[in-house]
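# Chains, contacts and geometry: an overview
The lines below spell out each chain.
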Amino acid sequence: MRGTTERKNFSKDGVDHEAVAAPADLSVDWRGRPSNPNKHGGMKAAPFVLGLQAFEMMAIAAVGNNLITYVFNEMHFSLSKSANIVTNFIGTVFLLSLLGGFLSDSYLGSFWTMLIFGFVELSGFILLSLQAHLPQLRPPQCNMLTLSAKRDNHCLQANEFQTFIFFMALYLVALGSGCLKPNIISLGADQFVKEDPNQSKKLSTYFNAAYFAFCVGELIALTVLVWVQTRSGMDVGFGVSAAAMAMGLTCLICGTLVYRNKPPRGSIFTPIAQVVVASMTKRNLVCPSNPEMLHGSVNHSSNHIKDASSSFDNNLLHTDKFRFLDKACIKVVQDGVKESAWRLCTVAQVEQVKIIISVIPIFACTIIFNTILAQLQTFSVQQGSTMDTRLGKSFQIPPASLQSIPYIMLIFLLPLYETVFVPLARKITGKQSGISPLQRVGIGLFTATFSMIAAALVEKKRRTSAQNSHETLSIFWIAPQFLIFGISEMFTAVGLIEFFYKQSLAGMQSFLTAMTYCSYSFGFYLSSLLVSLVNKITSNGSSGWLSENDLNKDRLDLFYWLLSALSLLNFLNYLFWSKWYFYNPSLLTKTPPTYHHNHEYHEEEEDHSNHHHQSFNSSKRIGVDNIIIL
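In short, a report on the structure. Everything numeric here is computed off the predicted structure, so don't read it as measured data. Throughout, residues of each chain are indexed from 1 in the direction in which the sequence is written. Only residues with pLDDT of at least 70 get local features here, since the model is predicted, and only at 80 or more are side-chain atom pairs given and counted; chain-wide, interface and lining totals rely on the full set of residues. Neither water nor hydrogens contribute to the side-chain values; these are computed over all heavy atoms in the structure.

### Overview of the overall build of the protein
For clarity, the cut-off: Here a strand is any run of E in DSSP of at least two residues, a helix any run of H or I of at least four, and the numbering for each starts at the N terminus. Between buried and exposed lies partly exposed: a residue is buried under 20% and exposed over 50% of the maximum accessible area for its type, with that area taken using a 1.4 Å probe on protein chains only. Only heavy atoms matter for contacts: two residues are in contact if any of them lie within 4.5 Å across the pair. The protein chains shown are the only cover counted for residues, whose accessible areas, like all others here, come from Shrake-Rupley with a 1.4 Å probe.
Helix and strand counts for the protein stand at 20 helices and five strands. Looking at the 630 residues of the protein, the share that counts as buried comes to 58%. Taking contacts inside the protein between residues at least 6 apart in sequence as the whole, the part at least 24 apart equals 80%. In the form shown here, the protein has an accessible surface area of approximately 25700 Å², with 63% of it arising from carbon and sulfur atoms.

Shown next, in the form of structure tokens:
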């Protein structure tokens, strides 16, 4: 049966409506047997995934957020090169999420992908701890901040062997974490049937709970683990990260018996490639005006019946955008010879490719957002190291721990968002999640601009005070930039993940979720590129804005103003693309879609309490629902 009923119920028009209505839940238990809703999935399975989310975030954040201090002070790379090493590392983590999503959807499944690469990440943490502990794997100790070190340049940089060991350990962590991240989200979300109206609300709650677990992990990493790194050394700190990762893997394994697992469906790229090849081959043909004439249409004969071996759901309704791709569905009769899959595709295949193309602009609009995040994990940490870190007479705040401020706030705000804001917004908008994912992303992108404005103003004051009055400002002056960005991330990060997951169909959840992490990757890579370009453009025969190891000589404030301008332009760009985007009606349907003779699709909106139906043609440009944030 493979998720569809064998009993056929064809109407006069020849359509098997029961096959349309039956949700294709192909989930299995750990032995590969069909899952039991009473034993598998739901809230009893999600906590194990959330535990892994918290512990893995704790481990990787403790390394990533304080890595610039280790690379600069212990490995003796220059400040700009150290910042680029950190941003390239974090960028690689998120870029490798595509590999994790592909392996999960195509071959391994989420659980086995997480288990395998979780141990890869653990081995990287252990090697980092050894590298930081053994003197022969590090250059001789030297204070990079002293004037004599700058003048005499006697701080030896790590040699080739030491650098090799460091990067091997670092990128084992990157490989493991990158392949793990999209599957943590998708495995947790797979515990809920998103096609079930009763579980749709729980799915949105899960995404908020996942971000709450993320915040808890970040908070512990930025306070307890960073304090351990500062007090006991980076070798002990990396060792604690390894222990946290081991506890996360224990959580994952403990939930084995209760998970609902989505089995892999073969290569996800083959159906996409088939659509591209078929549409190019038939580029000279004219698309029929009636979408029912396209091969594999939901409304044409019984071709829509679910094929469990396919990477796509076969009940996607046809849409009018990117009509050139529809040519892949035109059937050409050639003496009774059946066309191959590389010449004739189904509407479902074509519509999934349309979805992937449609989400790319939304994805691209979050890159600048993550470039701002890169500054908070690099230059802002170094900025804090030049300020007064004392809290009282004896206790000093590690600069990297300042990043914990937004997460302390978010731990209190997220429950309020879920229990107060969402119910209130639900009454106004009629949406189960309160506001749409695209609206949530838009609010976050707009708010991020003010984080860089605050950073620029504070850096200007800090630099002026240090140069003119030799006054050292308190480290709490840079708290607002972290605080504002934390609020921004609560909206953007969760909204983007929810948006991508809800746009994905069976066989594509992990890969499309991984695209959200690629935004982080490109954002951090763009940060490295911007630093290099700014130094090159602003040098003019002298030092550039960020070319010195001394922030009092650099012009970090001007760099922050540049990022705030880019962020504002990016938000305006997002408004355009979010209004251009519209959903495939099947993705909004929780009951079987009906097709009327006037060729209008009707859909049931997210609010199932009022059972309100709308015409797809009259409301297809959903966009950000006339975004209300301005």
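Having put the structure on the table, let's press on.
### Examining the layout of surface pockets
The following threshold applies: Only protein atoms enter the 1 Å grid, on which a cavity is a set of points fitting a 1.4 Å probe that cannot get out and a pocket is an open set with protein on both sides within 12 Å along at least 5 of 7 lines, lining residues being those with an atom within 4 Å of a point. Grid points are joined across faces, edges and corners, and a volume is the space filled by probe spheres set on the points. Three categories are distinguished: nonpolar for Ala, Val, Leu, Ile, Met, Phe, Trp, Tyr, Cys and Pro, charged for Asp, Glu, Lys and Arg, and polar for the others, with Gly belonging to the last. Here the bounds of each domain stem from an automatic or database domain assignment.
Empty space within the second largest pocket amounts to approximately 780 Å³. Around the second largest pocket, the lining is made up of 29 residues, and of these Thr69, Asn73, Gln229, Thr230 and Pro399 lie nearest the centre. Put simply, the parts of the chain that give the lining of the second largest pocket at least two residues each are helix H3 (67-73), helix H9 (197-232), helix H10 (234-254), helix H14 (379-385) and strand S2 (395-396). Per-class residue counts for the lining of the second largest pocket are twelve nonpolar, 13 polar and four charged. Viewed by domain, the lining of the second largest pocket spans two of them, domain 1 (27-265) and domain 3 (358-585), each represented by three or more residues.

### Considerations on empty space enclosed by the protein
Enumeration over the complete set of coordinates arrives at five cavities of 30 Å³ or more. Looking at the largest cavity, its volume works out to about 420 Å³. Of all the secondary-structure elements, those providing two or more residues to the lining of the largest cavity are helix H2 (46-64), helix H4 (79-95), helix H8 (160-190), H9, helix H13 (367-377), helix H17 (479-503) and helix H18 (509-539). With six residues, the top contributor of residues to the lining of the largest cavity is H2. Across the lining of the largest cavity, the residue classes break down as 21 nonpolar, four polar and four charged. Residues from two domains meet in the lining of the largest cavity; each of domain 1 (27-265) and domain 3 (358-585) gives at least three.

### Thoughts on a nonpolar patch on the surface
This is how the line gets drawn: Residues with no salt bridge and a relative accessible area higher than 30% make up the patches, which join like charges within 9 Å and nonpolar side chains (Val, Leu, Ile, Met, Phe, Trp, Tyr) within 5 Å. Note on definitions: salt bridges are taken to be side-chain nitrogens of Lys or Arg within 4 Å of carboxyl oxygens of Asp or Glu.
Together, Tyr107, Leu108, Trp112 and Ile116 line one region of the surface with nonpolar side chains, adding up to about 410 Å² of accessible area. Of all the secondary-structure elements, those providing two or more residues to the nonpolar patch are helix H5 (97-108) and helix H6 (110-133). Topologically, Tyr107 is positioned in helix H5. According to the relative accessible area criterion, Tyr107 is partly exposed, its value standing at 49%.

### Description of the packing of aromatic side chains
Here is the rule: Classification of ring pairs rests on two measures: the distance between centres of Phe, Tyr or Trp rings, Trp counted by its six-membered ring, which must be within 6.5 Å, and the angle between planes, read as stacked under 30 degrees, edge-to-face over 60 and tilted in between. As a reminder, the over-ring test applies to NZ of lysine and CZ of arginine, requiring each to be within 6 Å of the ring centre and within 35 degrees of the ring normal.
Taken as a whole and judged by the stated rule, the model has 22 aromatic pairs. Note on Tyr70 and Phe166: the rings are 6.0 Å apart at their centroids and 40° apart in plane angle, and the pair reads as tilted. With a gap of 96 residues between them, Tyr70 in helix H3 and Phe166 in helix H8 connect regions that are remote in the sequence. Like Tyr70, the residue Phe166 is buried in the burial classification. Aromatic side chains Tyr417 and Phe491 sit 5.9 Å apart centroid to centroid with 85° between the ring planes, which places their arrangement in the edge-to-face category. Of the two residues, Tyr417 sits in helix H15 (residues 404-429) while Phe491 sits in helix H17, which places them 74 residues apart along the sequence. As far as burial versus exposure is concerned, Tyr417 and Phe491 are alike and both buried. Each member of the aromatic cluster is reached from another via a ring pair, and the members are Tyr70, Phe89, Phe166, Phe167, Tyr171 and Phe238. Lying across the ring of Tyr581, Lys321 places its NZ or CZ 5.1 Å from the centre.

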